[in-house]
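A closer look at the structure
As a plain string of letters, each chain reads:
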Amino acid sequence: IDLSKYIGSFVTADYVVFALMLLVSAAVGVYFAWADRGQRSSGDFLMGGRRLTALPVSLSLTASFMSAITVLSNPVEVYRYGASIGLYGLSYVMMVVVTSEVFLPVFYRLAVTSTYEYLELRFNRATRLLGTALFIVQTILYTGIVIYAPALALNHVTGMDLWGAVISTGLVCTFYCTMGGLKAVVWTDVFQLGVMLAGFLSVIIRSVVLQGGVFPIISDSEEGGRLNFWDFDTNPLKRHTFWTITVGGTFVWVSIYGINQAQVQRYISCKTGKLQRFCSRMCLYSVYKHCDPWTAGLVSAPDQLMPYLVMDILGDYPGLPGLFVAAAYSGSLSTVSSSINALAAVTVEDLIKPHTHMSEKHLAWTSKGLSLAYGALCIAMAGLASLMGGILQAAISIFGIIGGPLLGLFALGILCPIANSKGALSGLVSGLVVSLWVGIGAQVYPPPAELTRPLPLTTDGCNFTITGGLNWTSTALPTQLIPITTAPAHNADSRPVLADNWYSLSYLYFSPIGTITAVGVGLIVSLFTGWQLKVEPRLTLMKEDTTLYYLIRCFKDRVRRLDLTKDREKEFGNTNPAFCDVELDLTRSSISHMK
């Protein structure tokens, strides 16, 4: 279908706004390259000299995993399945508690540059190398897809040149990462977060004006069954319930914010910018509640719905569609830049430093060269992603699945002092195998519609002829991080026994399965191969690391002071307020009189 019949297209003002976002991002890299031209160590380049302040780092942390895939796909989640994912707010709270109480103290105490340094300190070098290898593979794969996927979605709707957007995004990101290091990454993230919020607000404000206020949008969402927050069904096969989102979501987000190298480099707990995205999701449904563009065949995939909405309602305002596209690509830039910097860090710390005796100056130049190389590799991966077809979904699901076993490995080291290196390796491999088994099985045999439970959509209010419509009930690959597309249909008789049970588990349970398997197998193998009897206390969680310890100690101190006060009152009586109970310094007083 020719979308130009129904919506506008990109104009010069839109391209100017998009180009300005790229230009400012590149300028930040140039500034820090000049400002830090005297930096002589890899630590200055990769860690910002450990002198970054809390505010920009917290904003950078917020922006890092708001990729363009998330920006474009998450609004579709409410549009198709309802607002139950708003309960992610609870899993974020639990993630902050677990991260700050369990992982943060240990990494701070060790002052590691790479999280995988910890694995060698706690277990052995083989464990460190395996963890590093898994991180490098998944990150290169994911960053390439983060560059390509939004370009493809925006190309179909806005007419923006596909490869022009891919290459320009990749080159600008690589440029400022290579020039400015972590400082450039953090400060461009701050700028890009502002662009993302501005893009969301432009869509929200225009939608509210069109629909006649906020309350009609909420009313439309309620009537359409989109405000389905409280589903306490314990069935683990259902896609989204209170338990899958709060329990499974906690594991997913801890694996991202607790141990992921891209986050550990800027470790800090902070609030996340989810409110604007949630509002934009409800706006999307309210605008198209009577005429679904996907069912009508106006877009070929659900991920094109947000760009379609933008061009539909903002097409008459030159520059605003460009602002939203800049917001989407800001999500890509923040994610890719964090990944490139993290890849360079783990390569230097885990693969180069232990085997060479390079000076800090040479390591700094090596870090810049690695940033350049990894940037080029991510652009090449974006080109490969365009040829992957159906494998694209499987590749992104594998990225999410790897995080669970890695989380189990770190939990084994920090929380289980008795675990040994044999148990750690066995647990990591076992967790990876089980996670891949269920994840790939879910890709090949998608869960039935009664478990994913897509909500009804209609085209009754459309005022044009529907041609080539799609079936909205087609099952999507169960993961929130990827573009949703229709999955291949399978004959019910040809589905194996595990397809309707094991393979139909909610995608949010993939990470807990990997984590629990890694910890369980790790402890069992450690039991049969000899417990780890002596572990340095600094490598495990100590009671002094927890907030609870300080709260209890503070409470005991207050009780002790209260008891002393009571004992004093019993022994000396109460103080008479008519007299001063302050001891005078007679020596100082006499000296002043003598002067």
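Treat the numbers as computed from the prediction; the structure is a model and nothing was measured.

**Here's the deal with the overall build of the chain**
Scanning the chain from N- to C-terminus turns up 21 helices and 0 strands. Put simply, the chain has 595 residues, and 55% of those count as buried. Counting only contacts in the chain whose residues sit at least 6 apart along the sequence, the fraction spanning at least 24 positions is 86%. By element, 65% of the accessible surface of the chain is carried by carbon and sulfur atoms, the whole surface being about 25,600 Å².

**Some details on the side chain of S338**
Tracing the backbone shows S338 in helix 14 (residues 320–352). For S338, the side chain forms a polar contact with the main-chain oxygen of S334, separated by 2.8 Å.

**Here we look at the pattern of salt bridges**
Taken as a whole, this structure holds 7 salt bridges when the rule is applied. In this structure, the salt-bridge partner of D350 is R128, at a minimum N-O distance of 2.5 Å. Of the two residues, D350 sits in helix 14 while R128 sits in helix 7 (residues 125–158), which places them 222 residues apart along the sequence. One exposure class covers both D350 and R128, and it is buried. Notably, a salt bridge pairs D233 with K238, separated by 2.5 Å at the nearest N-O pair. Using a relative accessible area of 26% as the deciding quantity, one classes D233 as partly exposed. Take K238: its relative accessible area is 17%, and that puts it in the buried class. When salt bridges that share partners are traced, they join E120, R125, R128 and D350 into one network.

**Quick look at the packing of aromatic side chains**
Under the defined criterion, the tally for this structure stands at 15 aromatic pairs. Between the aromatic rings of F107 and Y118, the centroid separation amounts to 6.2 Å while the plane-to-plane angle is 85 degrees, which identifies the pairing as edge-to-face. With F107 in helix 5 (residues 88–110) and Y118 in helix 6 (residues 115–122), this pair connects stretches of sequence that are 11 residues apart. Taking relative accessible area as the criterion, F107 reaches 3% and is therefore assigned buried.

**Section: helix 19 (residues 510–529)**
Taking 1.5 Å of rise per residue, the 20 residues of helix 19 would be expected to cover 28 Å, and the 28 Å separating its terminal C-alpha atoms lies within 8% of that figure. When helix 19 is considered as a whole, its buried residues turn out to be F510, S511, P512, I513, G514, T515, T517, A518, G522 and S526. Note on helix 19: the residue one or two positions beyond its end, G530, has a positive phi of about 100 degrees.

**Let's talk about the environment of N74**
Inspection of the secondary structure assignment puts N74 in helix 4 (residues 68–81). For N74 and I85, which are 11 residues apart along the polypeptide, the C-alpha to C-alpha distance reads 9.2 Å.

**Things to note about helix 15 (residues 360–385)**
In this model helix 15 runs 36 Å from its N-terminal to its C-terminal C-alpha over 26 residues, within 8% of the 38 Å that 1.5 Å per residue would give. Every buried residue belonging to helix 15 is among L363, A364, S367, L370, S371, Y374, G375, C378, I379, M381, A382 and A385, and all of these are buried.

**Some remarks on the packing of helix 17 (residues 421–444) against helix 19**
Contact pair helix 17 / helix 19: the axes reach a minimum separation of 7 Å and the direction vectors enclose 150 degrees. By the angle between their directions, the pair helix 17 and helix 19 is classed as roughly antiparallel. The element helix 17 and its partner helix 19 pack so that their crossing is right-handed. Every residue of helix 19 that contacts helix 17 at K422, G423, S426, G427, L428, S430, G431, V434, S435, V438, G439 and A442 is listed here: F510, I513, G514, T517, A518, V521, G522, V525, S526 and T529.

**Overview of the nonpolar core**
Soluble globular proteins tend to pack their nonpolar side chains together in the buried interior. With 109 residues, the main nonpolar core has M21, Y88, F103, Y118, Y329 and F410 as its most contacted residues. Other than its neighbours up to four places away in sequence, M21 contacts F191, V195, A326, Y329, S330 and L333.

**Considering the packing of helix 8 (residues 162–211) against helix 14**
Each pair of packed helices can be summarised by the angle the axes make with each other and by the distance between the axes. The interhelical angle for the contact between helix 8 and helix 14, taken along N-to-C directions, is 140 degrees, at an axis separation of 5 Å. Between helix 8 and helix 14, the interaxial angle falls into the category oblique. Pair helix 8 / helix 14 crosses with left-handed handedness.

**Quick word on the confidence of the model for the chain**
Low pLDDT marks regions whose predicted coordinates should not be analysed in detail. Of all residues in the chain, 75% have pLDDT values of 70 or greater, and the mean over the chain is 76. Predicted confidence for residues 465–490 stays below pLDDT 50, and this span has 79 contacts to residues more than four positions away or in other chains. Counting interchain partners and residues more than four positions distant, the pLDDT-below-50 stretch residues 588–595 has 0 contacts.

What counts and how
Residues numbered from 1 in each chain as written. Predicted model: local features only at pLDDT ≥ 70, side-chain atom pairs only at ≥ 80, totals over all residues. Heavy atoms only, no water. Helix = DSSP H or I, 4+ residues; strand = E, 2+ residues; numbered from the N terminus. Buried < 20%, exposed > 50% of the residue type's maximum accessible area, 1.4 Å probe, protein only. Contact = heavy atoms within 4.5 Å. Areas by Shrake-Rupley, 256 points an atom, 1.4 Å probe, with all protein chains shown as cover. Polar contact = N/O pair within 3.5 Å; in protein donor to acceptor, adjacent residues only side chain to side chain. Salt bridge = Lys/Arg side-chain N within 4 Å of Asp/Glu carboxyl O. Phe/Tyr/Trp six-rings, centres within 6.5 Å; stacked < 30°, edge-to-face > 60°. Expected span 1.5 Å × (residues − 1). Axes fitted to C-alpha atoms, helices over the stretch in contact; angles between N-to-C directions. Parallel < 35°, antiparallel > 145°, perpendicular 65-115°, else oblique. Left-handed = near helix turned anticlockwise from the far one by under 90°. Core = buried A, V, L, I, M, F, W, Y, C linked by side-chain atoms within 4.5 Å. pLDDT = per-residue confidence, 0-100.

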